[in-house]
Amino acid sequence: MSESVSGDAEASVSAASSTKRRRGGWITFPFMIATLLGLTIAAWGWLLNLIVYLIEEFNVKSIAAAQISNIVSGCICMVPAIVAVSADSFFGTIPVISVSAFISLMGVVLLTLTASLDSLRPKPCETGSILCESPSNIQLGVLYTAITLASIGTGGTRFTLATAGANQYEKTKDQGSFFNWFFFTTYLGGAISATAIVYSEDNISWTFGFALSSAANLLSFVVFISGRRFYKHDKPLGSPFTSLVRVISAAVLKRKAVISNNDKDYHHESSTATPTKSFRFFNRAALKQEDEVKQDGTISYPWRLCSVQQVEDFKAVIRIIPLALATIFLSTPIATQLSLTVLQGLVMDRRLSPSFKIPAGSLQVITLLSTCLFIIVNDRFLFPFYKKLTGKFLTPLQRVGLGHVFNILSMAVTAIVEAKRLKIVEKGRFLESSSVADMSVLWLFPPLVIAGIGEAFHFPGNVALCYQEFPESMRSTATSITSVVIGICFYTSTAIIDLIQRTTEWLPDDINHGRVDNVYWVLVIGGVLNLGYFLVCSWLYTYRNLKDDNDQKQDVAVSHS
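The chain carries the name Protein NRT1/ PTR FAMILY 2.7 in an unreviewed UniProt entry, which gives Noccaea caerulescens as its organism. Comment text from UniProt for the chain, heading Subcellular location (unreviewed entry), reads "Membrane".

J.: How should the overall build of the chain be read in this particular structure?
T.: Counting its secondary structure elements, the chain contains 17 helices and 2 strands. Looking at the 561 residues of the chain, the share that counts as buried comes to 52%. In the chain, once contacts between residues fewer than 6 apart in sequence are set aside, the share between residues at least 24 apart is 81%. Carbon and sulfur atoms form 64% of the exposed surface of the chain, whose accessible area is close to 25900 Å².

J.: So what exactly am I meant to see when it comes to the packing of aromatic side chains here?
T.: The relative placement of two aromatic rings is captured by the distance of their centres and the angle of their planes. In the structure shown here, the tally under the stated rule is 15 aromatic pairs. Seen in terms of ring centroids, Y53 and F58 are 5.6 Å apart; in terms of plane orientation they differ by 65°. Their pairing is edge-to-face. Looking at F58, the relative accessible area reads 0%, which means it is buried. Judged by centre distance (4.7 Å) and plane angle (55°), the rings of F282 and F314 are tilted. Taken together, the positions of F282 in the loop between α10 (242-253) and α11 (308-346) and F314 in helix α11 put the pair 32 residues apart, joining distant regions of the chain. For the pair shown, F282 and F314 are each scored as buried.

J.: What is the right way to read the environment of V142 from this model?
T.: With respect to the helices and strands, the residue V142 is situated in helix α6 (residues 137-158). By relative accessible area, which is 19% here, V142 ends up buried. As a C-alpha pair, V142 and T114 span 28 residues in sequence and 7.6 Å in three-dimensional space. Apart from residues no more than four positions distant in its own chain, V142 is found in contact with L110, T114 and L120.

J.: Would you mind going over the side chain of S151 with me for this structure?
T.: For S151, the position within the fold is in helix α6. Among the polar contacts listed, one links the side chain of S151 to the backbone oxygen of I147, at a separation of 2.7 Å. In this structure S151 touches W46, V72, C75 and I76, once residues within four positions along its chain are discounted.

J.: I tried to follow the nonpolar core on my own but got confused; where do I start?
T.: A general tendency of soluble globular proteins is for nonpolar side chains to be buried together. Among the nonpolar cores identified, the biggest contains 68 residues, and W46, Y53, V72, L111 and L507 are the most heavily contacted of them. When residues in this core are grouped by element, the largest group, 7 residues, is from helix α13 (residues 396-426). Both domains that meet at this core, namely domain 1 (22-125 + 133-237) and domain 3 (312-550), each give it at least three residues. Y53 has contacts with F58, L111, T114, A115, R121, L143, W206 and F210, leaving out every residue within four places of it along the chain. Counting 29 residues, the second largest nonpolar core, distinct from the first, contains A250, I259, L397 and F470.

J.: So what exactly am I meant to see when it comes to helix α3 (residues 50-58) here?
T.: Among the 9 residues that make up α3, 7 are buried, leaving the element largely enclosed by the rest of the structure. Buried within α3 are the following residues: L50, I51, V52, Y53, L54, E57 and F58. Elements that come into contact with the buried residues of α3 comprise α2 (29-47), α4 (62-91), α5 (93-116), α6, α9 (206-226) and α11. Phi turns positive one or two residues past the end of α3, at N59, with a value near 55°.

J.: Looking at this structure, I do not really get the state of the cysteines. What am I missing?
T.: Between two cysteines, a covalent bond joining their sulfur atoms is known as a disulfide. Scanning the model with the defined rule gives 0 disulfides in all. Note on C75: no disulfide assigned, nearest cysteine sulfur contributed by C77 at a separation of 9.2 Å. The exposure class assigned to C75 is partly exposed, which follows from its relative accessible area of 23%.

J.: Got a minute to help me understand a nonpolar patch on the surface in this structure?
T.: Taken together, the side chains of W181, F184, L188 and I192 define a hydrophobic patch exposed on the protein surface, amounting to about 340 Å² of accessible area. The residue W181 is located in helix α8 (residues 172-203) in this model.

J.: Please explain the pattern of salt bridges as it appears in this structure.
T.: Between side chains of opposite charge, a pair can form when the charged atoms approach closely. Following the criterion strictly, the structure yields 7 salt bridges and no others. The salt bridge involving D118 is made with R121; its shortest N-O contact spans 2.9 Å. Residue class for R121 comes out buried when judged on its relative accessible area of 15%. Across the pair R515 and D517 runs a salt bridge whose closest N-O atoms are separated by 2.8 Å. Each of E57, D118 and R121 takes part in one network of salt bridges that share partners.

J.: How should empty space enclosed by the protein be read in this particular structure?
T.: Over the atoms rolls a probe the size of a water molecule, and its path tells where empty space is left. Per the counting criterion, the structure on display carries 4 cavities of 30 Å³ or more. What the largest cavity holds in volume is close to 1000 Å³. Residue assignment for the lining of the largest cavity shows that the elements contributing at least two residues are α2, α4, α6, α8, α11, α12 (364-390), α14 (445-469) and α15 (475-503). The leading source of residues in the lining of the largest cavity is α11, at 7 residues. Here the lining of the largest cavity is built from residues that sort into 23 nonpolar, 21 polar and 2 charged. Summarising the domain contributions, the lining of the largest cavity has at least three residues from each of domain 1 (22-125 + 133-237) and domain 3 (312-550).

J.: Looking at this structure, I do not really get the environment of H233. What am I missing?
T.: Within the secondary structure layout, H233 lies in the loop between α9 and α10. On the basis of relative accessible area, H233 is assigned to the partly exposed category, the value being 37%. Excluding residues within four positions of it along the chain, H233 makes contact with R23, I94 and R228.

J.: Even after reading the chapter, I still don't get a positive patch on the surface, so can you show me in this structure?
T.: Side chains of K420, K423, K427 and R429 sit close together on the surface and give a patch of like positive charge. Residue position: K427 is located in the loop between α13 and α14.

J.: How should the confidence of the model for the chain be read in this particular structure?
T.: Low-confidence regions, as indicated by low pLDDT, have predicted coordinates that should not be scrutinised in detail. When pLDDT is averaged along the chain, the result is 82, and 87% of the positions lie at 70 or above. Under a pLDDT of 50 for its full length, residues 1-6 has, in the predicted model, 0 contacts with residues more than four places off or in other chains. In the predicted structure, residues 548-561 sits below a pLDDT of 50 and forms 37 contacts with residues beyond four places in sequence or in another chain.

J.: Please clarify how the packing of α11 against α13 should be interpreted in this entry.
T.: Any two packed helices are characterised by the angle at which their axes cross and by the distance between the axes. Between α11 and α13, the shortest axis-to-axis distance is 11 Å and the interhelical angle comes to 30°. It follows that α11 is roughly parallel to α13 by the angle criterion. Seen along the crossing, α11 lies across α13 with a hand that is left-handed. Residues L323, A326, L330, P333, I334, Q337 and Q344 of α11 pack against L397, V400, G403, H404, N407, S410, M411, T414 and E418 of α13. Of the residues assigned to the contact of α11 with α13, the class counts are 8 nonpolar, 7 polar and 1 charged.

Definitions and limits used
- Residues numbered from 1 in each chain as written.
- Predicted model: local features only at pLDDT ≥ 70, side-chain atom pairs only at ≥ 80, totals over all residues.
- Heavy atoms only, no water.
- UniProt positions renumbered as here; feature names shortened; annotations may be inferred.
- Helix = DSSP H or I, 4+ residues; strand = E, 2+ residues; numbered from the N terminus.
- Buried < 20%, exposed > 50% of the residue type's maximum accessible area, 1.4 Å probe, protein only.
- Contact = heavy atoms within 4.5 Å.
- Areas by Shrake-Rupley, 256 points an atom, 1.4 Å probe, with all protein chains shown as cover.
- Phe/Tyr/Trp six-rings, centres within 6.5 Å; stacked < 30°, edge-to-face > 60°.
- Polar contact = N/O pair within 3.5 Å; in protein donor to acceptor, adjacent residues only side chain to side chain.
- Core = buried A, V, L, I, M, F, W, Y, C linked by side-chain atoms within 4.5 Å.
- Domains from an automatic or database assignment.
- Disulfide = S-S within 2.5 Å.
- Patch = residues over 30% accessible without salt bridge, like charges linked within 9 Å, V, L, I, M, F, W, Y side chains within 5 Å.
- Salt bridge = Lys/Arg side-chain N within 4 Å of Asp/Glu carboxyl O.
- 1 Å grid on protein atoms, 1.4 Å probe; cavity = no way out; pocket = protein on both sides within 12 Å on 5 of 7 lines; lining within 4 Å.
- Points joined across faces, edges and corners; volume = space filled by probe spheres on them.
- Nonpolar A, V, L, I, M, F, W, Y, C, P; charged D, E, K, R; others polar.
- Lys, Arg positive; Asp, Glu negative; His and termini not counted.
- Charge placed at Lys NZ, Arg CZ, Asp CG, Glu CD.
- pLDDT = per-residue confidence, 0-100.
- Axes fitted to C-alpha atoms, helices over the stretch in contact; angles between N-to-C directions.
- Parallel < 35°, antiparallel > 145°, perpendicular 65-115°, else oblique.
- Left-handed = near helix turned anticlockwise from the far one by under 90°.

Okay, structure coming up:
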């Protein structure tokens, strides 16, 4: 009898264990990827054409619309950091994605209502008139509420989906494979939005285009919820930033203590790390004093004593800060180009045939496709060729440096193209519209392609750097921190555009009467100075976890997210 009960118990445990093992793995892949595709299509569907929507439907001046677009893009990039901390500390990734997707849906639906209901928009400008009705406070309130909800929801899912998806797999190889698919799906969704949805908004109606975004968001939300029973739910482990703050607290409290050169005077846990000489002030945080360690080896006062590993993890974050500053000034020209290119496209000949005109908001698809193509070229051909030729692989910082060079080149070519366009304007060569220059928008393709090549180097390089150099406890938030840096660049871009508009006459509302080319030349000069700063920081930087070629390939896969 007892043997039967024992057997039943073992069978029950085995069944429970089998059920637990069935959670996660490749069965979750279609749910995660379908969710990502739908949310990306929805988000980019309204974001890429936001400038045009504000100008045409809400009578917002062109430069102001570009400023609003930069602020929104910055918000979308800043939100992932807050969401990542919330997911790691309190809720886990799956609930956060569910709530964020629903918030995004509410925002896009409300944005669709602003396009479909005349009462939520000002009256359109009369043909040939420069006096347009401004939107009312209620109309602006509804518009900004919709944009805010859509931005928060988009930011809440953007990088959390990458972490949640990778958490479904045990093997590093499977995680790397998922990140590759994550990257591919993100750019595929962006390309679909930049072509099909933006085209629908420009040529059918804004209501129809935004409705497509709403449908994509709704479908992705339903798909994600339906796969919950298959997901491996990660448990909140506490904020990874807590240990960083503890290091500061412990070092300050012991600021008068004498730093020891004896390794035994420092607190070690499982790690055998030794305190380094850089930033020696913080070594005091791991310096053992009386009654700070119990007999069982645990810490009596966590805010007065940290382990050597925690101190070194803190130093690793500090070392990357100067490089992060260089990334801000690298991405700022890109953010500025994103906005100004749309404005340039609006006053250039976008006709490819008598019946087809390229939407100005779709110009960014050139950068997307260029980035996607050259990341594949880099990963499959260029990097292996460089390794075969030199016996070394390109480090993350070397890739970022190449990205700097291509970025500067892109700004210079854009400046030359804009100067050519302004000469055509000066000669009075316009199309049927008095504001559209007789110059094909295809002239903007080369600088956008170059910008995409630069992004194929610097964006994966930056993410790979953070992933391999940050402490293990912070790797799940490394990509979100990169997103924050990019978000800051959008605000920096907004500030630069505002400063130029206030101090010069280069950026009037009608750029045909401005000097946008001079703006790009300023960005070129800033890019050269920033490249010099980056090279100095890179020369002084010492890698903490520089990996061999096989590990490097895994990092490239991770960086694609």
